Structure formats: C-alpha cells, structure tokens
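This is what each chain is made of:
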Amino acid sequence: MLPGFRAIAAEQLVETVEIAVKKRLADAAMSAATTAGASYCDVRIGRYMRQFVVTREANVQGVTNTESSGVGIRVIADGAWGFAATNDMSAEAVAASARLATDIAKANARNQTTPVQLAPTPSLGEVSWRTPIRRNGMEVEIQEKVDLLLGVNAAATGAGASFVNSSLFLVNEQKYFASTDGSYIDQDVHRIFAPFTVTAIDRSTGKFRTRDGLSTPMGMGYEYLDGDAAHKSTAPNGVVSYGKSYDMREDAIAAAVQAREKLTATSVRPGQYDLVLDPNHLGLTIHESVGHPLELDRVLGYEANFAGTSFATLDKREQRFQYGSEIVNLIADKTEVGSLGAVGYDDEGVQTKAWPLIENGKLVDYQATRDQAHILGKTESDGCSYADSWSSVQFQRMPNVSLQPGKVPMSVADMIAGVDNGIYILGRGSFSIDQQRYNAQFGGTLFYEIKNGQITQPLEDVAYQMRTPEFWNACSAICDERDYRSWGSFNDGKGQPSQSSAVSHGSPTTRFDGINVINTARSLG
Amino acid sequence: MSIMTQDEAKTILDKVVALSTADQCTARLQGSIDGNIRFALNNVSTSGVVSDTSLAVDVAFGKRVGTATINEFSDAALARVVKRAEDLAKLAPENPEFMPAVDKQTYRPSNTFVEATAAITPAQRAAIAQASIEPCKAQNLIAAGFLTDNQSFVAFANSNGNFGYQRASDMNYTCTVRTADGQGSGWVGRSLQDISDFNAASDVNIAMRKAAASVEAQALEPGKYTVILEPAAAAGLISFMGNFFGARQADEGRSFLSKAGGGNKIGDQVYDPRVNLYSDPWDPDVPVLPWDGDGLPRERMALVENGRIANLNYSRFWAQKQGKTAMGQPGNLIMSGGTKSTSDLVRETERGILVTRTWYIRMVDPQTVLLTGLTRDGTFYIENGQLKYPLKNFRFNESPVIMLNNIDELGRPVRVGEGLTMMIPPMRLRDFTFTSLSDAV
C-alpha cells in the first residue's frame, strides 16, 4: 500500500464530499493565509482513491481499496513560496496549516534572490470538470473484475502460457482547488489500467520469454474494457493492437501464442535498419526523448541532482533548433479526451489547452507553470502544474505530448510496403536515456523483420540505440489520422521527494530510417 | 504521536487483537517523521517535514483476508478499523496461497536507531544546504542536492501472541555540482545511520573536484574496457540483480537462477570465487529490523558463498510447498571485499576507466540479467595509476552476472543507501561492455 493511503471498503470508493463543505474549508485557509501576510494562497482539498485487483493463473492475490484525503496549502509571502498540508479537515487545522505555510514562505524569503513572479490567470468563479466516463470503474462489483481477470488468465493458459499475471488498477482523484485569484474548481478525474504478463517457458533449454499486454492506461472509465471491435487495428501480419477500447481476453490468447513464438524466433543481426514503430511502442520513445527534455524545470536546472537537465536549452528555441525532420509536429495537450493527462484545470487553477512544441521539425516551445511563464516571455501559464497528492507540493509535470498524424494518406500496410530492410516493433520494452536526454536505448514487446516490403518473420533480442535529434531527423513517414492511437505512462516519476503522474502520448505508426539496432542476447555459460 | 513508545504501541495493539472475532488477526503500527531539504541553482528550493502514524489490521476468516488502515487510535476508531477489516475479509475471494499468522517469535534486537539522527532540526538541514552551496558559489560552480532524514518505529502483535517493537533512523545526502558553462558535472552521495558522522563541507568537495575535472571530456571508442566502478556505480547493477534471488521464480523456470531441465542453481558456481553476498540484520554498518514483513525473524543469510549460490529467498508459501524452512526475507545486501579504497585501486591500474555513478539502469533481458544504463557525473581515463583526462559518458549493456565473473580486484565495502541498504566494495573489472557514447554532461 502506498504511504499515506488507508484501506477502505469498496462502497466508500463512490462517496464524495459536499462542495459547500470544501469551499468553506478553502475560504478558512485563504483567510488565515492572507491575514498572516500571504499575498497569494491556493488550497487543494483532495480525496485520492485507488483500487487494485491482482491475480496470477487461477488465484486472486489481492483486492485493495485505498483512500487518502487532506488539504494542501501553498502561499506566496514576501515573494517566496511556502507549503503545508494536513489530513485534519477541520477549519481550525486548515487555518493553522495556512499560517504555517505563510511562516515557511517568510523564512524561505530571507535567502531568496528573486521574488516569485506569477503569470496572471483569470478568476473562474465556481466551475467543475469530470473525466467523460461512461461507466465508473469504482462502481463495478469486485466479482465482475475478478471474473474478468481470471477469465483472461484461463484463456492465456489454455492458449499455451506457462504463467500469467494480470491486474486491474483504478484511480479516482476528487480534487477541489481554490485560490485568492477567485477560482473555485471541483474536478473528478478517472483513470484505468489493465496490464498482464504472459510467460512461456521451454523447460528443456531453460529459456523463457514474456509478452506483456498491448493495452495502455487511459483516462477513461470501465468502458475501456468493453472490447469494442471498432477500435481494433490489425497489422499486415495479423497482430492486433487496440485504441480506445480493449479486448483483454483476445490479447491474452494472442500473447500466449506469441510468447511461445518468441522462444524460437530468429536472433536479430545487429546493424542499421529502417524502423516501423507502432503507437503502442512509440509513445514511450516520445515520452523520454521529447516530453522530458522540454520540461522547463529540467531545462533550467531544477532537476539537476536527480532526473537531470536537458540538451534542449533555451537558446535552441531562439535558434528554432531542427529537433526532427520537417514532417515532425509534436503538440502538448491537456485536453485530449480519453488521455491520462486530460483535466479541465491544472493544479494551480489554469484552464487547460493544447500548444505546439515542435513545428515542422523545429523546437518552438516548452512546458511551463505560472511561476515559469515569464522566463519564456509568455503572459500565461501552459497549465502544467500537478501534485500527486494533497500532501505533495504541486510542480511542473509533463502534459500529454503527441506526434501529429501525417498529412499524406498512408496506412500501416502502405508504410511497410515501402521498407526494404526494416524491423516492425510493437509494445513497450526496456528503456533507458541519459540525464540530458541525448542517448537512449529502447527494446519492445514484439519484433518482426521486414524484407522488400514484406513482413517475413518474428525476431528477438532487438534493441535500438539513438541520439535524440538524429533519431527525430530520421523520421521519414507518418501514417495518417486513421492510425492515431495512444500509449500512456501510469506512473511517471519526477522530483525529490519523488512524485508520480500519468500521461499519454498519441501517434500513428511512424517510420525512422537507418537506426542502429543491437543484439541483446548473452550467454551465462 | 508519530513516534510511540513500546508501551504506548503495545496497549493499542493488544486492544486491536482482543477486539477481533476473526480466526486470525495481525495488527501493525508504524510511525515516521521524514525531513528533507532540496536545493538547486545554489538556492534552497523546497524543505519540509512529514509526520505520519498508521495502524494496519489484517484479519483472516479461513483463507479470506481483509486489511484496513486508520490513523486515529481512540477506542471507537480501533473498533471501526477491526470491523472494516473483517467486513472486507468476508467479501474477499479465498486466497489458495494464504499463510497463517506467524507463531510467537523471539527477536534479537538490531541497532537501527541513533538519537542524533532523530534529533535533526530544520536549522541543521538548512546549514547542510548552505555548507553545500557556499563553496560552490565561491568557485563559480552550481550545486543541486537533496538531504532526507528519517526516524520511525514499527510495532506489531498477532493473535498467536507474537509481538515486536523497534525504532530506526537514517539519512541520505546526494549533491550534483556542475560548472557554470554546463561542461562539467560531479556527484557525491552519502548514506549514514548517524548524522554525527556526516560532513557536508568535505563531501561536497568531492563533487566539486569531479565537476571541475570533468570539463573538456574526450571521446573514447565504445567497447570492452577495464573499469573501476565506485561503490555507488556498482550498487546500481548489483542491487538490480539482487531482486532476482527469489526461489519461486527460479523453480518456475523464469529466472537467471533456473536450471535447464528444471530446478534452481543452488550449489552451482555462478560467479568468480571471490564473490560473497549475504544479508545480516545485525551488521554494524547497515543494521536493519530483525524481522521481515511477515514477522519472520531475519538471520544472517548467505546468498552467494565463494561464487556459489548458497540460498534463495523462499516466501512462506513457497517454502511450505517445496518442503523448505522459510527464513525472514533479507533487509540488506552486503558484498564482501578487500581493504583497498577506490583511490588505491586507481593507483594500481595501468589502463582503465573510473566510473563515479551509473544511471537509468533497466533490465534488457531477464534471462541473463542483461542491464543497460549510463555513466554519469565523473567518468575518467586512468593511465599508469593516474586519472589522465575526463571521458564522455558511455552507455553500457552488461550483465552483473558476467561482470562478477570478470573481477580483477575488490576494494573495501562502503555503505550505499539509495533504495536497498547495502555494503558494496569499489571494484576493478575486466571487459566491461560499453556500447555507445553519450553527449550528456
């Protein structure tokens, strides 16, 4: 169980707190802070709920419901930030925390050389937003979830899996934000994730291979698991991928067959290949090589001791640095329906939006919060503030960052038909990137050889190594909008103490030419 | 109330166990005070203290288990949390791998608590940040760092009459120092139980020297090189491998410790005979609680002896199924070594590469524990016992299993504490595999 979370009964997952109660608490905090000398105060009253169902083969290993509730108060006093949080939801305790935050801000101000400069944001009055879900996962009976997962496990085992682990994770963030700018924002955010891993073992050789599910976490309700065939994509070799609806059982059966196939697949010959990357794979590459390097706090040096800095320094924006080829357009977007990063308003009360990061291959922008906007010469925040708990201080987090579809009509089959010597990669694998986001190495879930426009055989032991600008400048074709799908990271870590956030990355299938592929097979003798 | 005395904790736990009508009940109290200060760009960026105490109640009716947690300790709250756990258990599916609560145990205490660390003040944290920042400012260097300190207690009781209580404390400090032009970067990390042993001013000097010395790094062709991994650099790979000593994974055929044809590699020579890995809750440098999460007593347990697999970690369920005796799951990892420091090893190296730190390590192939990652914050070429010039960072693709068959010499272990608490020696290794260069500084 995560620190700060307490276990609760399933029926408590669907309870909510009255808005009027939250508004009274927020007003008490803001009043106490301003009386104590704060020039700005924001209050986040959060109720964070999670449900996990974990299984392997025919066993339910755990069903856990957790809740964490409390109030986080952030102030500016004497030009410096201060923060305090409490899980005591009485007006007195909240007011005391507001005064403590103000005291901390004043103490921090003594050694601060430049006062905090907040970009203006409109007073919104009382507004609300909810993830547009059709079926609230928290309201679905545990038995239905257990039946789904055990059914998936049985199907995989029946199709030849040696082992199968499957899980279901549901998240609901009930967040109330208020600030002295005059905004009172109530949001109800939902996320869902249904991963599995199938293992195939050859006892005689001792070889084992795994195949993870090709699902992705989504900002959706339980309807994601409906298995609507309209959202399926079938590759020229019959591999099925999924968009906004997932058929977990069908994928598990395919996984069992493919995991066994991997035991005898040809080991890749190292060299330069043209890579055709499925959205379920490319999302992670976008995340690591575009999403993270364009976080403004990294660029400025605030993450130097942990996550690192960034090669994409501010001068590169001025020079319109050629980040990728001219067909590469990447946008930041906090509004895309079904995405993990979609909210109506960020955690400092800024209405969310979409904006370009890379235009026609050129670096044009970063991701900023209210206190960073002025550094970029902007007059408004990008709405990138997020805290993973009421008890965590909000800071700049990555929005959804997505590759825009190609403008020329192109299907996956069209793309593969044009490749002479390539590898088609689907699904997430091993990933590693340096602290300035130059040198990266990615594996995958499924690999297929492409020879003279045809998929010829499955491959194994594949990883590609890249240098970010060269990789994106090697992008030679992007399928059109019919193939646009999302991949997501359910737990993206950043900061000290570390905080977790969830973010999606959309793209169509995309081609990169002449990428260095290594063989990862080793022998232990 | 975050830190309770043994009597305070026992009073609450006894009430909880008495309140339960389930077949079995285990109650666990834990409390902690975590302090931190973070700095970047030569300024303090955040600082805070988080206090938390919670009670977790596990109950079982047959093989149906329920868990509930609360952070209030009134009699009414205790009754509520027990009822909630029991309600959840009655609704839960049966767990075929359910194991009953442990019997009454005798624990030999370990020295996990140091008063000086627990007594740290906000002023001390600020002083540590200033001691890191000021010398950097004076030399036109830029410091970013993070100090965490922790004190905690754990107490538990169950319906078999078992009880345990112990306090713990520790601190971790890391600091990255960069040159103003961004061309040099150095790092230092210190994990200690007793903050009295910590000297930020002397430690930051290590990072400052490495930052200044790493400017104008030269590129060396990727390939196989003799390397000296400092303890922090080696720990990243060895701790990763330590996650795969589970007996069940090995017996099921999905581990590097599985044998072709079935079974595991206990007794097999897997590493160089100089490799000895063990855990010991009473080790004076890395003491940990004398019990594991299930309340089983920890023992000194060898995992690798003279390069042979001596033991694997058996869960209570898997031990029962395999006819083995379950031991407490290890809480630390200790690798034996020699007496030489990193500097001694450098002095005795004709040609090689010194690696300060490894970064972003991920599993590439669990079959061979092939890991990839990068060097960071101080990589240097060694010639005739001297650091000759700084090197551009490398990406490596290397298995710690292969690496620990290519040992030239092991130095004196030091405490490394990010994540798992470990004692790891600096080590000189032959044929370490770098596969590409990184432009990152």
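Residues numbered from 1 in each chain as written. Chains lettered and ligands numbered in written order. Predicted model: local features only at pLDDT ≥ 70, side-chain atom pairs only at ≥ 80, totals over all residues.

Broken down by element type, chain B carries 10 helices and 19 strands. A globule of 441 residues ought to have a C-alpha radius of gyration of about 22 Å, and chain B, at 24 Å, matches this closely. Taken over 441 residues, chain B has a buried fraction of 51%. Intrachain contacts of chain B at a sequence separation of at least 6 include 74% that bridge at least 24 residues. (Helix = DSSP H or I, 4+ residues; strand = E, 2+ residues; numbered from the N terminus. Rg over C-alpha atoms; globule rule 2.2 N^0.38 Å. Buried ≥ 20, exposed ≤ 12 C-beta atoms within 10 Å, placed from the backbone. Contact = placed C-beta atoms within 7 Å.)

Broken down by element type, chain A carries nine helices and 29 strands. Over its C-alpha trace chain A gives a radius of gyration of 24 Å, about what one expects of a compact globule, namely 24 Å for 525 residues. Expressed along its principal axes, the backbone C-alpha trace of chain A runs to roughly 70 × 55 × 45 Å. The burial tally for chain A puts 56% of its 525 residues in the buried class. Nonlocal contacts in chain A, meaning residues at least 24 apart in sequence, comprise 75% of its contacts between residues at least 6 apart.

Turning our attention to the packing of helix H3 (residues 142–158) of chain A against helix H4 (residues 248–264) of chain A. All names here are of chain A. Following both chains from N to C, one finds H3 and H4 inclined at 25°, their axes separated by 8 Å at the closest point. Comparing their axes, H4 and H3 come out roughly parallel. Classified by chirality, the crossing of H4 by H3 is right-handed. Touching Leu148, Gly151, Val152, Ala155 and Ala156 of H3 are Met248, Arg249, Ala252, Ile253, Ala255 and Ala256, all from H4. (Axes fitted to C-alpha atoms, helices over the stretch in contact; angles between N-to-C directions. Parallel < 35°, antiparallel > 145°, perpendicular 65-115°, else oblique. Left-handed = near helix turned anticlockwise from the far one by under 90°.)

This part takes up H4 of chain A. With 17 residues, H4 of chain A ought to run about 24 Å at 1.5 Å a step, and its terminal C-alpha atoms sit 25 Å apart, in line with that. Met248, Asp251, Ala252, Ala254, Ala255, Ala256, Gln258, Ala259 and Lys262 of chain A are the residues of H4 of chain A that are buried. (Expected span 1.5 Å × (residues − 1).)

A few words now on helix H1 (residues 19–35) of chain A. Residue and element names in this part refer to chain A. Between its terminal C-alpha atoms H1 stretches 24 Å, which fits the 24 Å expected from 17 residues at 1.5 Å a residue. Inspection of H1 places Lys22, Leu25, Ala26, Ala29, Met30, Ala32 and Ala33 among the buried residues, and these make up the whole buried set. Looking straight down H1, one finds its buried side chains confined to an arc of 165°; they lie on one side. Those residues of H1 that are exposed and angled more than 90 degrees off the buried face are Ala20 and Thr35. The elements touched by buried residues of H1 are strand E2 (40–56), strand E3 (59–77), helix H2 (91–109), strand E6 (163–179) and strand E7 (183–193). A positive backbone phi angle near 115° is found at Gly37, which sits one or two residues after H1. (Arc of directions from axis to C-beta.)

Now for the nonpolar core. Of all hydrophobic cores here, the largest spans 202 residues; its most connected members are Val198 and Ile423 of chain A together with Val57 of chain B. Val43, Ala95, Ala98 and Ala342 of chain A belong to the second largest nonpolar core, which has 44 residues in total. (Core = buried A, V, L, I, M, F, W, Y, C linked by C-beta atoms within 7 Å.)

How big an interface is tends to be reported as the loss of accessible area on association of its parts. Residues and elements named next belong to chain A. Its domain assignment divides chain A into domain 1 (6–49 + 61–140 + 172–190) and domain 2 (271–519). Between domain 1 and domain 2, the C-alpha centre-to-centre distance is 30 Å. Taken residue by residue, the interface counts 28 residues in domain 1 and 23 residues in domain 2. If you list the elements that add at least two residues to the side of domain 1 that touches domain 2, you get E2, E3, strand E4 (80–86), E6 and E7. (Domains from an automatic or database assignment.)

With that settled, consider the sheet that holds strand E16 (residues 362–363) of chain A. All names here are of chain A. Taken together, the four strands give an open sheet; going across it, the order is E16-E15-E14-E19, and neighbouring strands pair in antiparallel fashion. The open sheet has two free edges, formed respectively by E16 and strand E19 (400–403), since each of these has just one partner strand. Pairing geometry for strand E15 (residues 354–359) and E16, over two bridges, is antiparallel. The residue of E16 that forms the bridge with Ile358 is Leu363. Sitting on the sheet, helix H5 (residues 279–291) is in contact with strand E14 (330–333), E15 and E19, with an inclination near 110° to E19. (Pairing = 2+ DSSP bridges.)

Bringing the confidence of the model for chain B into the picture now. Looking at chain B as a whole, the pLDDT averages 95, with 100% of positions reaching at least 70. If you check the scores for this complex, the pTM reads 0.95 and the ipTM reads 0.94. (pLDDT = per-residue confidence, 0-100.)

Residue and element names in this part refer to chain B. What the six strands build is an open sheet, ordered E10-E9-E8-E11-E18-E17; its pairing is mixed. Two strands close off the open sheet at either side, each with one partner strand: strand E10 (308–309) and strand E17 (414–416). Against the sheet, helix H6 (residues 231–242) makes contact with strand E11 (332–335), E17 and strand E18 (421–424), and its axis sits at roughly 120° relative to E18, the strand it touches most.

Once that is clear, we can look at the interface of chain B and chain A. If you look at the interface, chain B gives 67 residues, while chain A gives 49 residues. With eight residues, strand E2 (residues 43–61) of chain B is the largest single contributor of residues to the side of chain B that touches chain A.

Here we take up the environment of Gln436 of chain A. Considering the arrangement of structural elements, one finds Gln436 of chain A in the loop between strand E21 (431–433) and strand E22 (439–442). Sequence separation of Gln436 of chain A and Gly243 of chain A is 193 residues, and the distance between their C-alpha atoms is 32 Å. What Gln436 of chain A contacts, discounting residues up to four positions off in sequence, is Gly308, Thr309, Ser310 and Phe311 of chain A together with Ala440 and Val441 of chain B.

Bringing the environment of Asn158 of chain B into the picture now. All names here are of chain B. Tracing the backbone shows Asn158 in strand E4 (residues 141–158). Residues Asn158 and Asp377 lie 219 residues apart in sequence; the distance between their C-alpha atoms is 48 Å. Leave out the neighbours within four places in its chain, and Asn158 touches Val17, Cys25, Thr26, Ala101 and Val102.

All names here are of chain A. Along strand E8 (residues 196–202), five of the seven residues are buried, which leaves the element largely enclosed by surrounding structure. Here four bridges tie E6 to E8, and the two strands are oriented antiparallel to one another. Residue pairing across strands places Val164 opposite Val198, the latter belonging to E8. Pairing between E8 and strand E9 (residues 207–212): six bridges, direction antiparallel. Within E9, the position partnered with Ala200 by the bridge is Arg209.

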